[in-house]
Amino acid sequence: MTDLFSDLEMRGTTARNRVMVSPMCQYSCPDRDGVATEWHRQHLESRAVGGAGIVMTEATAVRPDGRISPQDLGLWSDAHADALRPITEFCEEYGALSAIQLAHAGHKGSKRPPWDDSEPLGPDGHGWIAPSPSADAYPWRAGDDERSDEPNAKRVETMSTSDVEALVEDFARAAERARDAGFDVAEVHAAHGYLLHEFLSPVTNRREDRYGGSFDARTRLVREVCERVRDVWPDDQAVFVRFSATDWLDDRESWTVDDTAALAADLASDGVVDLVDVSSGGLHPDQSIPSTGANYQVPYAERVGDAVGDDALVGAVGGITTPEQADAIVRNDRADLAIVGRQHLRDPYFALHAAEALDREDALEWPRQYRRAV
Ligand code: FNR
C-alpha cells in the first residue's frame, strides 16, 4: 500500500517520501535585490535535513515588479541563480529534491512585509507600479484588504498585450536559470490572487484582448507559461502548477473548482504539468471561507485528482499538521503528496518525526550527525 513514506516517482526523478515543504515567503532579502541570503539557505537546508522529500522555495519573482515585497526572492539574473545553487547542492547531498516556485505577484505586489502590516508601497517608497490584468478591477487597497474609494491608478497598471507576451518569456528565462542552478522541480504559481490567478478569474480579468473574456482566453496565459516552462525544463524532471481551486466567491461569477478541474485536466493530458498543487482563495477581500481547519482544501485536491486521472499527480495543502493526517491523505488516495506549510515552521524535522510516529524509521533515518540524540 502507498503511504507517506512511499517513493514518489515523477518522470525520471524520485522523491524519498510524500512530504513537501510548502512555499513560504521569508521577506528576508534586506538589500531589496531579490538575492538569496544565509536566512534562505538555512531555512530550506534545515528542512532537507529534516527529511522532507521535496523542499520548495518561497514564491520567487521572475522579474522585479513580480515581488510581493521588496524583500522577496527573485530570479531575474544569473547572480540570483548563483545565490540559490548552494541550496540545490545541499538538498541533493542530503536526499531531498529541491523545488522552486516561479511567481509574479501582479496587483497584490509592492507592499511591505507582513510584520510591517503589508502596507502598500508607492514607487517613491522602494515600491513599484504593480502590473494587473485589469487595474480597474482592483478597487481595494492591497495591504489591508479593505475596500477603498481611492483609485489605485497610481500604483496599479493594466498590462499591455505585448507586456503579457513578454511575461511568458520572463517565466521561461527564470526557469532556465532555476534549471542551471540545479533545481529538480519547477512550480508555476497560479494561485492566491497573484498575477496568473488574476488572469484566470473573471473577477479580476476584464481584458478585451486574447487574454481576457472566455475561459479559453482567461486561461491562455497560464497555459502559455506552463508550456514555456515545460519547454525549457529537463525532460526527466517535473513541472508543478499551484492553483487556487476556488475564489470562495460563490455569490458571483468567479473562478470555480470546475474551472480548476478543467484547466488541470487540460494541462495534464497534454503532458505539460506533472503535479497539480491544490490550494484556494486569496483573490478578493470578499472571499468567504467556511473553515480553515484540518484538511480544509483536501476535497478540492480529490476533485482535481478525479479530473486529471493518471495524467498527473495531485498535492494537497492546508491545515496538515500531524503525521497521521498526512499519512491518511496518501493512504486513502485523497492526494499523492502532503504539502506542509506552517507545521514545517514549527518543526523543521516534521518528516523525521513522522517516520517515528508512523513506525517507518526504516524509510527515513536521522542524519548521522544527529543520531546520538535519537
Ligand atoms: C505562505 N503561503 C505561500 N504560498 C505560496 O504559494 N507561495 C508563497 O510564497 C507563500 N508564502 C507563505 C508564507 C508564509 C509565512 C505562510 C504561513 C504561508 C501559503 C502556504 O504555502 C500554504 O499554502 C498555507 O500556509 C497553508 O498550508 P499550512 O500552513 O496550513 O500547512
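Thresholds applied
Residues numbered from 1 in each chain as written. Predicted model: local features only at pLDDT ≥ 70, side-chain atom pairs only at ≥ 80, totals over all residues. Heavy atoms only, no water. Near = heavy atom within 4 Å. Polar contact = N/O pair within 3.5 Å; in protein donor to acceptor, adjacent residues only side chain to side chain. Areas by Shrake-Rupley, 256 points an atom, 1.4 Å probe, with all protein chains shown as cover. Nonpolar A, V, L, I, M, F, W, Y, C, P; charged D, E, K, R; others polar. Core = buried A, V, L, I, M, F, W, Y, C linked by side-chain atoms within 4.5 Å. Buried < 20%, exposed > 50% of the residue type's maximum accessible area, 1.4 Å probe, protein only. Helix = DSSP H or I, 4+ residues; strand = E, 2+ residues; numbered from the N terminus. Contact = heavy atoms within 4.5 Å. Pairing = 2+ DSSP bridges. Axes fitted to C-alpha atoms, helices over the stretch in contact; angles between N-to-C directions. Phe/Tyr/Trp six-rings, centres within 6.5 Å; stacked < 30°, edge-to-face > 60°. Lys NZ or Arg CZ within 6 Å of the ring centre and 35° of its normal.

**Quick look at the site of the ligand**
Taken together, 16 residues sit near the ligand, with Ser22, Pro23, Gln101, Gly319 and Arg342 positioned nearest. With respect to the ligand, the backbone of Ala59 contributes an N or O atom lying 3.0 Å from an oxygen atom. Residue Gln101 places a side-chain N or O atom 2.8 Å away from a nitrogen atom belonging to the ligand. Calculation on the ligand without its partners gives an accessible area of 600 Å², and the protein chains cover 80% of this total. Each residue belonging to the shell around the ligand can be placed in one class, and the counts come to six nonpolar, seven polar and three charged.

**Some points on the nonpolar core**
Soluble globular proteins tend to pack their nonpolar side chains together in the buried interior. By size, the foremost hydrophobic cluster in this structure holds 86 residues, and its most contacted members are Leu4, Leu102, Leu221, Val229, Phe243 and Val276. Here this core takes nine residues from helix α3 (residues 161–181), the largest share from any one element. Non-local contacts of Leu221, meaning those with residues more than four positions away in its chain, are made with Val164, Leu167, Val168, Leu196, Phe199 and Tyr211. Within the second largest apolar cluster, 16 residues are counted, among which are Phe240, Leu275, Leu313 and Val317.

**Side note on the sheet that holds strand β12 (residues 337–340)**
Taken in spatial order, the eight strands close into a barrel running β3-β4-β5-β8-β9-β10-β11-β12, and their pairing is parallel. Sheet twist, expressed as the average angle between the axes of neighbouring strands with direction ignored, equals 25 degrees. Where helix α1 (residues 38–49) meets the sheet, its contacts fall on β3 (19–21) and β4 (54–61), and the angle it forms with β4 comes to roughly 155 degrees.

**Concerning the packing of aromatic side chains**
Scanning the model with the defined rule gives seven aromatic pairs in all. Measuring from centroid to centroid gives 6.5 Å for Phe199 and Tyr211, while their planes differ by 85 degrees, and the two rings are edge-to-face. With Phe199 in helix α4 (residues 195–200) and Tyr211 in the loop between α4 and α5 (215–218), this residue pair connects regions lying 12 residues apart in the sequence. Like Phe199, the residue Tyr211 is buried in the burial classification. Both rings, one in Tyr349 and one in Trp366, keep their centres 5.4 Å apart while their planes meet at 45 degrees; by these two values the pair is tilted. Residue Tyr349 is located in the loop between α10 (342–346) and α11 (350–357), and its partner Trp366 is located in the segment after α11; the two are separated by 17 residues in the primary sequence. Look at Tyr349 and you get partly exposed, because its relative accessible area is 23%. Three or more aromatic residues joined by ring pairs form one cluster here, namely Tyr349, Trp366 and Tyr370. Seen from the ring of Tyr194, Lys108 lies directly overhead, with NZ or CZ sitting 4.6 Å from the centre.

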